[in-house]
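What follows is the residue order along each chain.
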Amino acid sequence: MNSSGHAAIDVRDDTAGLRLHPFRGIRYVPERVGSLAAVTSPPYDVVVRPDGLLHLESADPHNIVRLILPQAVTAGTRHRKAAVTLDRWLADGVLAPDPCPALYVYEQRGDGILQRGIIGALELSTPDEGVVLPHEDVMPHVVEDRAALMRTTAANLEPLLLTYPGTGDGADAVVERAILREPLLSTTTEDGFHHRLWAVTDPDELAAVTTELARHQALIADGHHRWATYLRLRDERPSPGPWNQGLVLLIDTVRYPLRVRAIHRLLSRLPLADALEAVGDAFRVRRIERPLPEALEALSEAAADGNAFLLAGDGAFHLLDRPDQALLARTVRADRPEAWRTLDATVLHATLLEHVWHVPDAPEDIAYIHDTAAAVAQAERRGGTAVLMHPVREEVVRDLARQGVTMPRKSTSFGPKPATGLVLRSLALD
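Each value, and the rule that gives it
- Residues numbered from 1 in each chain as written.
- Predicted model: local features only at pLDDT ≥ 70, side-chain atom pairs only at ≥ 80, totals over all residues.
- Heavy atoms only, no water.
- Helix = DSSP H or I, 4+ residues; strand = E, 2+ residues; numbered from the N terminus.
- Rg over C-alpha atoms; globule rule 2.2 N^0.38 Å.
- Buried < 20%, exposed > 50% of the residue type's maximum accessible area, 1.4 Å probe, protein only.
- Contact = heavy atoms within 4.5 Å.
- Areas by Shrake-Rupley, 256 points an atom, 1.4 Å probe, with all protein chains shown as cover.
- Lys, Arg positive; Asp, Glu negative; His and termini not counted.
- Charge placed at Lys NZ, Arg CZ, Asp CG, Glu CD.
- Pairing = 2+ DSSP bridges.
- Salt bridge = Lys/Arg side-chain N within 4 Å of Asp/Glu carboxyl O.
- Core = buried A, V, L, I, M, F, W, Y, C linked by side-chain atoms within 4.5 Å.
- Axes fitted to C-alpha atoms, helices over the stretch in contact; angles between N-to-C directions.
- pLDDT = per-residue confidence, 0-100.
- Polar contact = N/O pair within 3.5 Å; in protein donor to acceptor, adjacent residues only side chain to side chain.

Novice: Tell me about the overall build of the chain, residues and numbers included.
Specialist: When helices and strands are counted, the chain shows 15 helices and 21 strands. A compact globule built from 430 residues would reach a C-alpha radius of gyration of about 22 Å, and the chain, at 22 Å, matches this within 12%. Dimensions of the chain, computed from the C-alpha atoms along their principal axes, are close to 65 × 50 × 40 Å. Expressed as a percentage of its 430 residues, the buried residues of the chain come to 57%. In the chain, 80% of the contacts between residues at least 6 apart in sequence involve partners at least 24 apart. If you sum the accessible surface of the chain, you get close to 17900 Å²; carbon and sulfur atoms cover 52% of it. Side-chain charges in the chain split into 46 positive and 59 negative, and the spacing between the mean points of these groups amounts to 3 Å.

What follows is the structure in structure tokens.
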């Protein structure tokens, strides 16, 4: 047992590791859409709503956002709309299944990053099995919504992002051979990232991937809610079958390290003036009337010495740092490792949100936004408060995950994230 009372977890033998299966990918037929770039989307929880959603819907009538974020008055209507749309696109030949099961090598290149990995249907496992390690808590209402969508569409519409420390052979060798071949697709999205996809169907190459991955455990870098959704839907169908697997992208971060960024909070019902008044002497507060990039530099410098947050919403920025240590001792749980107790996300939720601001833990009170400028703009537009966060180091995330300790929800944003819409998985075909 570790200091938090959780069992430390690890993969003990080759039978306990990752089991990745080929599947018949469903992909857009290029001739039936304006462009492959125009039908892709960021993952559902990265789309900034409503502006980004409307932009994607207008980019192409077949944009994948109509499946992952269908719009209707009620949840049930939304999910049925997505299922009807998916069936219609398949019937009309907008989407089509590949002829045979495959693993897919996926490459992203842009913003100084080169990332390659393998997309497949991963055998599901619970956290205590020590094969797939979560590092964040999840929100039940999001899992319920994603489960209803997957249940109704009978499809995995976008891959989770998982990482593992590769050995340089086996799966990596298959990836390096695949990229020498002509890709199934190649496109550049409006963020400047170039995407390529290859199918791997050779039995020997599939076996090489299977053999290496069986020696590894993986960290969920992005997709905790979808992984929890996979597990919920599997439990609804206890017999073996396609619901025992879920669509993932596996990245060897020894070869292709990810970037770790922060996820910001938008408190729409808390005016910034009220937030600052309530802080009082709990933190040191400094007003920063400088552009966003310089304000973020000040946040980074302050975060090097302890917990720090940047508040926005009134046209300026307000740096909170040097928290009252006695207040932290009263408000942060003491039965967790120090690395967890000192996380910015821990202090934000336990001390500021719950104790200082009394903000309910509800979706109408707290929104999670990946884009920094969008968080600031929405706070100013709504008269609320944006809480800008500093990223967590990847080694802290992985160490806590191995201890079986989950971080507060939406503590990290690993990237680059896979584009949604390049390959889908129908559970009716597997």
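Novice: Give a description of the pairing of strand E2 (residues 25-28) that names residues and reports values.
Specialist: Neither face of E2 is exposed, since Gly25 and Arg27 on one face and Ile26 and Tyr28 on the opposite face are all buried. When E2 meets strand E21 (residues 424-426), the two strands line up antiparallel, connected through 2 bridges. Across the sheet, glycine 25 pairs through a bridge with arginine 425, a residue of E21.

Novice: Describe the pattern of salt bridges, and please don't skip the residues or the numbers.
Specialist: Under the counting rule described, the total for this entry stands at 29 salt bridges. A salt bridge links arginine 259 to aspartate 111; its shortest N-O distance comes to 2.7 Å. Residue arginine 259 is found in strand E13 (residues 259-261), and its partner aspartate 111 is found in the loop between strand E4 (103-110) and strand E5 (113-123); the two are separated by 148 residues along the sequence. One network of salt bridges, with partners in common, ties together Glu107, Arg109, Arg116, Glu176, Arg196 and Arg255.

Novice: Would you mind going over the sheet that holds strand E3 (residues 95-97) in detail, with residue names and values included?
Specialist: What the 4 strands build is an open sheet, ordered E3-E2-E21-E7; its pairing is antiparallel. In the strand order of this sheet, the two ends are held by E3 and strand E7 (155-156), each with one partner.

Novice: Describe the nonpolar core, with residues and values.
Specialist: Judged by nonpolar contacts, the single largest core of 118 residues is most densely connected at Trp227 and Trp357. In terms of residue count, the dominant contributor to this core is helix H13 (residues 344-356) (7 residues). Setting aside its immediate chain neighbours within four residues, tryptophan 227 contacts Leu122, Glu123, Leu124, Ser125, Val132, Leu160, Ile220 and Val248. By size, the runner-up hydrophobic cluster in this structure holds 20 residues, among which are Leu310, Ala312, Ala374 and Val376.

Novice: Tell me about the sheet that holds strand E17 (residues 317-321), residues and numbers included.
Specialist: Taken together, 6 strands build an open sheet; the order of strands is E15-E17-E16-E19-E14-E18 and the sheet is antiparallel. Because the sheet does not close on itself, it has two edges, and the strands there are strand E15 (284-288) and strand E18 (367-369). Adjacent strand axes in the sheet meet at a mean angle of 25 degrees, parallel and antiparallel pairs treated alike. Across 5 bridges, E15 lies against E17 in antiparallel orientation. What sits directly across from arginine 286, in E17, is leucine 319.

Novice: Quick one: what's the story with the confidence of the model for the chain, residue by residue and with numbers?
Specialist: Looking at the chain, pLDDT values average 92 and 97% of them are 70 or higher. Across residues 1-15, where pLDDT falls below 50, the model places 40 contacts with residues more than four positions away in sequence or in other chains.

Novice: Explain the side chain of histidine 79 residue by residue, including any values.
Specialist: Tracing the chain through its elements places histidine 79 in helix H4 (residues 75-92). Leaving out residues up to four positions away in the same chain, histidine 79 has contacts with Asp145, Ala148, Leu149, Thr152 and Thr153.

Novice: Summarise the environment of arginine 286; cite the residues concerned and give the values.
Specialist: Position of arginine 286 among the secondary structure elements: in strand E15. Taking relative accessible area as the criterion, arginine 286 reaches 35% and is therefore assigned partly exposed. C-alpha of arginine 286 to C-alpha of valine 73: the two residues are 213 residues apart in sequence and 43 Å apart in space. Among residues more than four places away in sequence, those in contact with arginine 286 are Ala302, Phe317, His318, Leu319 and Asp321. Side-chain polar atoms of arginine 286 contact the side chain of aspartate 321, separated by 2.9 Å.

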